[in-house]
Each structure stands twice: as structure tokens, then as C-alpha cells.
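Descriptive analysis of the structure
The residues making up each chain are set out below.
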Amino acid sequence: MDMELTQNFLRGKNPCAMGYRWFVRNNLSGGDYQAAMDTQVAAGRVDDARWLLENFGATHSVLEVDHLEADNFVYAGTLIVRGDVRVPGQLLVGRGLQVGGGIRAGKLEVGEDIQSGGAIFCNELLQAGGSIKAAWSVEVQGDMSGNAPAHIRAAELRAGWELVCSGNVDIKGGAQIDREIDVQGTLRCGKGLRATGAITVQGLLEVGHGIASNDHIECGNHIQAGWGIKSLGDIRAACSIRTGETLQADGVIAAGPGYGVFAGMNVQMDAWPDCAWVRALKKPESLISGFWEGQSAFA
């Protein structure tokens, strides 16, 4: 059932005076929720439609289309697009977004999961209350002026190709990327981070569980992992490298000048030989904690 908006109902949410007057002047009172947002978006009042969505929440309605191409688009329920999505402005979805092809948007914000059968490319923001899953790459480049830095936020992230972001990436759970990772800002994962390719992060790299890469790991700040770190290449940081348990690389492990390498931060010292060993091509010069076991011997 569509939600009906009345003037009293709207006033109870304390809208801005200008937006409320426009709502009344355009006779939107008594109409359904989605129709009101459609009218606002068509009039170029996308922020008013966003306000309605944020204050009145998602619906259980489902919209299915072959393709979606619009300047801006706001839908309160679940949106299913069998082909591609092209929305250079704001694409806001109250519940889930399922796309058979690729997604290209300015800002993409979804209340639940995002699924794409192709690549996801956003100019500024990619945000999901649930997971983001793309069969190809996930890329957010940001505003080139620097006024709108790029950001990715999600509960989980999975990309069949690379992950590229010119700003920050915040994942509450884990992230699995089947190619390389290139993040110019900070990358945080509440659980694990795994990449088939190289992991390159210019800001802080902070992971609640473990980090694994089939290539090198390079960071322009600190690297922090609650569990262990495993790399088939080098592990290099401009600042410190800290793990709660083990640390191993096929190549070298190197912290920045004046910084240390710390393994076993969450393990008792007596247990270091079993739970906090360090393996690499050569012993890190600034190894402060952990049990140096020698050259890495990956199977």
C-alpha cells in the first residue's frame, strides 16, 4: 500500500519552510509518497525528495524496468533494472538495487544491498546499508575540484575486478576484491580484507581481522590488522606495521624510517612462536615484537 502524505503528517517532521510551502503550493498533500518524490525530482528538487525518503523511510514496493536513464532518480522501495543504469546526478533507493548490467551514477545511496552484473562507477559517493557486489570493478573517483571527495561505505564489499577510490573506503564487515585495490585515502574494514592483486592504500590501512594479498601490500600511512597479514610480495608502509598475530611475506617487510614492525600485539609473548611468528625474505630491520622464524615458505 502506498503511503499517503498529509500536511499535518508532513509538519510533524519539521520540514524547512521553503520546502513545505512548495509542497503545499503544488498540491502534493493527500497524494502517495512515491508520487510526491517523483514530482519533486522532476522539478529539480532532489534534496526535498531526499528529505522525504530520509524522514519517512523505505517502502515494500518494487519497480522493474529494462533500463534506467535519468538526471536524478529517487525510489522508496526496491529497484530492479534488467539492463544498465545511467544517472549522472543522485540515485537514491530506499531498499535494494539489483542491476543486470553496469551502474554509472554521480551519487548512489541504497538502504540495503547493491548488486550489479557489470561495473559500478560513481563520481562522488557509493553507499549501501547492506552489501555491494559487482561482477566487474567498483570505482569512485570523486569531484576533481576536491569539494566533494570520493567515499565508499557498505556492510560488505565484493568486486570481481579491481577496487579504485580516490577518497576513503569504510566497510563494516569484510571485503574481497578479485584484482587489485587502489585507494588514495583511508581504507577500513571491520573484518577481513582479501585481494588477488596488489593492495595500495595512501592513507591508513586498518582491518579488524586479517589482510591477504597475492601480490604486494603498500601503504602511505600505518598498516594495522587485528589478526595476521599475508602477502605473496612485499609489505611496505610509510609508518608502522602492526598485527595482532602473524606477519608473513614472500618479499620484504619494511616500515617507514623511525617506525617499527609489531607482530603478536594481541598474543601473550610465550605464545609468539606458535601464534605470532614473522616470516619474510629477510628479517625486518625494525622488528619490535613477534617471533622471527625466517624466510617465508609458502606452499
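See the structure printed just above.
Residues numbered from 1 in each chain as written. Predicted model: local features only at pLDDT ≥ 70, side-chain atom pairs only at ≥ 80, totals over all residues. Heavy atoms only, no water.

**Thoughts on the nonpolar core**
The following threshold applies: Put simply, a nonpolar core is a bunch of buried Ala, Val, Leu, Ile, Met, Phe, Trp, Tyr and Cys residues held in one set by side-chain atoms that sit within 4.5 Å of each other. Burial status follows relative accessibility: with a 1.4 Å probe on protein chains alone, a residue under 20% of its type maximum counts as buried, one over 50% as exposed, and anything between as partly exposed. By the convention used here, residues are in contact when the closest approach between their heavy atoms is within 4.5 Å.
Ranked by size, the top nonpolar core spans 64 residues in total, and within it Leu108 and Leu205 carry the most contacts. Excluding residues within four positions of it along the chain, Leu205 makes contact with Leu187, Leu193, Ile199, Ile211, Ile217, Cys219, His222, Ile223 and Gln224. Counting residues in hydrophobic clusters, the runner-up holds 12 residues, among them Val41, Val46, Leu53 and Val74.

**Re the pattern of salt bridges**
Note the threshold: By definition here, a salt bridge exists when the distance from a side-chain nitrogen of Lys or Arg to a carboxyl oxygen of Asp or Glu is within 4 Å. Labels follow the DSSP assignment, with helices taken as runs of H or I lasting at least four residues and strands as runs of E lasting at least two, numbered in each case from the N terminus.
One pass over the full model with this rule turns up 11 salt bridges. Here Glu112 makes a salt bridge to Arg95, at a shortest N to O gap of 2.9 Å. Taken together, the residues span a long stretch of sequence, with Glu112 in the loop between strand S7 (103–110) and strand S8 (114–116) and Arg95 in the loop between strand S5 (85–93) and strand S6 (97–99) at a distance of 17 residues. Here Arg279 and Glu293 are joined by a salt bridge, their closest N and O atoms 2.5 Å apart. Residue Arg279 is found in strand S31 (residues 277–279), and its partner Glu293 is found in strand S33 (residues 291–294); the two are separated by 14 residues along the sequence. Arg279 gets classed as partly exposed once you look at its relative accessible area, which sits at 21%. Counted as one network, the salt bridges with shared partners bring together Arg50, Glu54 and Glu109.

**Brief notes about the environment of Val99**
Among the secondary structure elements, Val99 is positioned in strand S6. The exposure class assigned to Val99 is buried, which follows from its relative accessible area of 5%. Between the C-alpha atom of Val99 and that of Leu79, which follows or precedes it by 20 residues, the distance is 8.3 Å. If near-sequence neighbours (up to four positions away) are discounted, Val99 is found in contact with Val81, Gly83, Val85, Gln115, Ser116 and Gly117.

**Looking at the packing of helix H3 (residues 33–42) against helix H4 (residues 46–56)**
This is how the line gets drawn: Note on geometry: axes are C-alpha line fits, over the in-contact stretch for helices, and angles between N-to-C directions span 0 to 180 degrees. Put simply, angles under 35 degrees are roughly parallel, angles over 145 are roughly antiparallel, angles from 65 to 115 are roughly perpendicular, and the rest are oblique. By convention, the crossing between two helices is left-handed when the near helix turns anticlockwise from the far helix through less than a right angle, and right-handed when the turn is clockwise. Here the nonpolar group is Ala, Val, Leu, Ile, Met, Phe, Trp, Tyr, Cys and Pro; Asp, Glu, Lys and Arg are the charged ones; every other residue, Gly included, is treated as polar.
At their nearest, the axes of H3 and H4 sit 7 Å apart, and the two run at 155° to each other. When the interaxial angle is binned, H3 and H4 end up roughly antiparallel. In this structure, H3 crosses over H4, and the sense of that crossing is left-handed. The residues of H4 that touch H3, namely those facing Tyr33, Ala36, Met37, Gln40 and Val41, are Val46, Asp48, Ala49, Leu52, Leu53 and Phe56. Grouping the amino acids of the contact of H3 with H4 by side-chain chemistry returns 9 nonpolar, 1 polar and 1 charged.

Geometric descriptors of this kind do not, in isolation, establish any biological role.
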